[in-house]
Amino acid sequence: MSDGTQHIRDRKLTGRPLTVVVVPTYNEAENLVELTDQLFALDIPNLMVVIVDDGSPDGTGVLAAEIGKNLEGRIHVINRKQKLGLGPAYVEGFTYAIDLGADYVVQMDADLSHPPSVVCDLLYGLGNADVVVGSRYVRGGGADREWGLLRRLISFGGNWGIRLVAGVKIKDATGGFKAFRRHVLQKIEFDSFRCNGFGFQVEVNHACERMGFAILEQPYVFSDRAKGKSKMSLQIILEAMWKLMPLRLNRSI
Ligand SMILES: Nc1nc2c(ncn2[C@@H]2O[C@H](COP(=O)(O)OP(=O)(O)OP(=O)(O)O)[C@@H](O)[C@H]2O)c(=O)[nH]1
Ligand SMILES: [Mg+2]
């Protein structure tokens, strides 16, 4: 696979910013082709995708490299040896994206719960903000249309509880669909983060608020994964509740 320098050269020639989408994966082979097809069909001129795979037994990492062969260095694959969690995977992917020279970095799940078409809206929002957070809980956003009332209440209540525990103002504190200007990721001190699971998303939001970055919430409608299995577990939920508590002490809201 090419190292992607062609696109960096293109940027120097055209002056177009480089957008890098970082996607952590664990056993997402069933979703990867659809995801990358949809992303590269978007009207984003200088786009690269970084897949951070944790040694998926279903061959996601190998598949990602295969897909990349036809895409002239637009897909980069970071192969980690074992499942080490969402948070560290993102930190590695963000660092890689910055090293590639990304002007804008997008983060999203591989399971198509985050609609690729909304990536354009997130990037558009960066015209007026440092960080744009995809949000299910602002006007125009929402959860999967198939969800019943109980599931909606659990999801909304969980997010509300976490916001309270961590002292985060962003309405969708737990989601992992966001776009950042380069300088934001360069300034966040990821070494101080404690969560490996979805609590990582809350830590990022907390850091962005505390550092005074301009933050916008962009509505989107979340869809349940159609293929593959969720990696959510009770352990990850408990980790978030337990490790996020001290965050509130670091700020007043
Ligand atoms: N590299 C890496 N990726 C992970 C790990 N755990 C989850 N992921 C990926 O992170 C994204 C979110 O994981 P999901 O299993 O969809 O979890 P979720 O979206 O919080 O929960 P659901 O709503 O149940 O799907 C997906 O792209 C996963 O493949 C991990 O340990 N390492
Ligand atoms: Mg998911």
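Residues numbered from 1 in each chain as written. Chains lettered and ligands numbered in written order. Predicted model: local features only at pLDDT ≥ 70, side-chain atom pairs only at ≥ 80, totals over all residues. Heavy atoms only, no water.

1. Details of helix 6 (residues 149–166)
Helix length check: helix 6, at 18 residues, gives a terminal C-alpha distance of 26 Å against a target of 26 Å (1.5 Å per residue), a fit within 8%. Among the structural elements, helix 8 (199–210) and helix 9 (234–249) are those in contact with the buried residues of helix 6. Immediately beyond the C-terminal end of helix 6, within one or two residues, lies Gly167, with a positive phi of roughly 70 degrees. (Helix = DSSP H or I, 4+ residues; strand = E, 2+ residues; numbered from the N terminus. Expected span 1.5 Å × (residues − 1). Contact = heavy atoms within 4.5 Å.)

2. Description of a nonpolar patch on the surface
Among the surface-exposed residues, Met232, Leu234, Ile237, Leu238 and Met241 lie close enough to one another that they form a single nonpolar patch of about 480 Å² accessible area. Mapping Met241 onto the fold places it in helix 9. (Patch = residues over 30% accessible without salt bridge, like charges linked within 9 Å, V, L, I, M, F, W, Y side chains within 5 Å. Areas by Shrake-Rupley, 256 points an atom, 1.4 Å probe, with all protein chains shown as cover. Salt bridge = Lys/Arg side-chain N within 4 Å of Asp/Glu carboxyl O.)

3. A look at the packing of aromatic side chains
Evaluation of the coordinates by the stated rule reveals 10 aromatic pairs. Ring geometry for Phe177 versus Tyr220: centroids 5.1 Å apart, planes at 85 degrees, classification edge-to-face. Here Phe177 is found in the loop between helix 6 and strand 6 (178–181), whereas its partner Tyr220 is found in the loop between strand 7 (215–219) and helix 9, with 43 residues between them in sequence. Residues Phe177 and Tyr220 agree in their burial class; the two are buried. An aromatic cluster of at least three residues, connected via ring pairs, comprises Tyr90, Phe94, Phe180, Phe190, Phe193 and Phe200. The positively charged end of Lys83 is found above the aromatic ring belonging to Tyr26, 5.3 Å away from the centroid. Against the face of Phe222 rests Arg136, its NZ or CZ located 5.6 Å from the ring centre. (Phe/Tyr/Trp six-rings, centres within 6.5 Å; stacked < 30°, edge-to-face > 60°. Buried < 20%, exposed > 50% of the residue type's maximum accessible area, 1.4 Å probe, protein only. Lys NZ or Arg CZ within 6 Å of the ring centre and 35° of its normal.)

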